[in-house]
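Okay, here's what each chain looks like letter by letter:
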Amino acid sequence: MGKRVRTDDGRLLVAEEWGNPSGTPVLLLHGTPGTRLGTALPDTADRHPGVRFLSYDRPGYGDSDRSPGRPVADAARDAAAVADAFGVDRFAVVGRSGGGPHALACAALLPDRVRAAAVLVGLAPPDAAGLDWLADMTPFNVEEYGRARAHLDGRDPGGLDRDLAARAAEIRRDPARLIEDLRAELSPHDLPVVEDPRVRTVLLRTYREALRVSHHGWLDDCLAFVRPWGFDVAAITAPVLLWHGLDDAFSPVGHTRWLAGRIPGAELVLVPDAGHFAAQYALPEALAWRERADGQGAGR
């Protein structure tokens with residue numbers, strides 16, 4: 001059922017912990033659309049017995065209260081509230097896909113609490129100088145983010161809302177619909193990943209929960225990604241891992257290359273023959289990197 005966490009502005013978030021209660025805390029930030037239920041494969045805790053996992057549903061997903069107009073920066077406040085609710089002071093963060101920008105927000109805005117941050121197939125800020133933000137993206141994402149920008153500048157303020165509401169209604173009836181809608185745009189390397197029974201089970205579970213109540217989390221994520229994030233990635237001082245598949249067309253690798261050039265000391269890992277959904281398998285690598293970062297003095 002999850003734990004209900006109240007934020008400092010009175011909202012409720014649904015959060016979860018699992019793994020070793022005495023282990024090193026790692027906060028997992030889900031993709032878009034998604035929930036805490038889609039942050040790790042089922043055997044992750046067994047394979048990493050020294051980790052205490054935390055996660056939560058971002059505002060508007062599942063039963064977490066919506067926060068209209070939320071910037072990416074708000075993730076730091078919400079992450080701190082979740083950590084406080086579980087009695088956790090310092091923690092690492094791992095954000096996959098849409099969780100990537102939110103992980104960077106935590107690292108930038110909670111420097112005294114975030115030990116390290118790993119970003120798997122993330123995005124760069126929309127005002128990234130020298131980056132063609134939509135270049136090499138799938139038509140699905142180009143259309144979605146184009147509508148998000150049209151919403152914000154007043155050209156089509158209701159278009160994205162209507163589109164995602166209709167898609168969410170279809171996915172509520174059949175969560176596999178989103179995977180099928182994306183199939184034509186998947187990298188050949190992604191197809192076997194989404195057919196892996198472990199991955200597919202996690203994806204369907206998180207899509208169902210994410211959109212069970214409304215499409216608002218999905219909408220607010222999309223809008224947050226294309227408006228100013230509210231922090232400077234160059235201000236991050238914690239160790240950062242940037243992991244990306246070279247054949248990713250949903251979050252193009254150019255975004256991660258741009259981040260690597262701006263975040264001081266960031267470690268860049270580019271994986272050949274890997275697409276967007278390969279990040280479903282990358283959490284163990286991120287956790288091993290976090291252990292190395294701690295061993296080198298991260299968070300002291």
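For the structure, see preceding data.
What you see as residue numbers is a count from 1 along each chain, following the sequence as written. Where totals are concerned, whole chains, interfaces and linings use all residues; where local detail is concerned, this predicted model gives features only for residues with pLDDT of at least 70, and gives and counts side-chain atom pairs only at 80 or more. Heavy atoms from the whole structure form the basis of all side-chain values; hydrogens and water molecules are not counted.

## As for the side chain of His30
Point 1. For His30, the location among the structural elements is in the loop between strand S3 (24-29) and helix H1 (44-47).
Point 2. Residue contacts are counted whenever heavy atoms from the two residues lie within 4.5 Å of one another. The contact partners of His30, leaving out residues within four places of it in the chain, are Thr35, Arg36, Thr39, Tyr56, Asp57, Arg58, Tyr61, Arg96, Gly98 and Gly99. The secondary structure listing takes helices from DSSP runs of H or I that are at least 4 residues long and strands from runs of E that are at least 2 residues long, numbered from the N terminus.

## Details of the pattern of salt bridges
Point 1. The term salt bridge refers to a side-chain nitrogen of Lys or Arg lying within 4 Å of a carboxyl oxygen of Asp or Glu. Summed over the entire model, instances satisfying the criterion amount to 33 salt bridges.
Point 2. Between Glu144 and Arg167 there is a salt bridge, and its shortest N-O distance comes to 3.4 Å. Placement of the pair is Glu144 in helix H4 (residues 139-152) and Arg167 in helix H5 (residues 159-173), with a sequence separation of 23 residues.
Point 3. With a 1.4 Å probe rolled over the protein chains alone, any residue whose accessible area is under 20% of its type maximum counts as buried; one over 50% counts as exposed, and the rest are partly exposed. Classification of Arg167 as buried rests on a relative accessible area of 16%.
Point 4. Here Asp163 makes a salt bridge to Arg167, at a shortest N to O gap of 3.5 Å. With Asp163 and Arg167 both in helix H5, this residue pair falls four residues apart, about one helical turn. Accessibility assignment for this pair places Asp163 and Arg167 in one class, buried.
Point 5. Bridged by salt links that share partners, the residues Asp8, Asp9, Arg11, Asp74, Arg77 and Asp78 form one connected network.

## Concerning the pairing of S3
Point 1. With five of its six residues buried, S3 lies for the most part within the structure.
Point 2. For two strands to be treated as a pair, DSSP must find at least two bridges joining them. For S3 and strand S4 (residues 51-56), the ladder comprises five bridges, and the chain directions are parallel. Within S4, the position partnered with Leu28 by the bridge is Ser55.
Point 3. Here four bridges tie S3 to strand S5 (residues 91-96), and the two strands are oriented parallel to one another. Looking across to S5, one finds that Val26 is bridged to Ala92.

## A look at the environment of Asp196
Point 1. Inspection of the secondary structure puts Asp196 in the loop between helix H7 (191-195) and helix H8 (197-210).
Point 2. By relative accessible area, which is 16% here, Asp196 ends up buried.
Point 3. Residues Asp196 and Val14 lie 182 residues apart in sequence; the distance between their C-alpha atoms is 28 Å.
Point 4. Only 2.9 Å separates the side chain of Asp196 from the backbone nitrogen of Arg198, close enough to count as a polar contact. The term polar contact refers here to a pair of N or O atoms within 3.5 Å; inside protein, the definition further demands a hydrogen-donor-capable atom paired with an acceptor-capable atom, and it admits residues adjacent in sequence only when both atoms are side-chain atoms.

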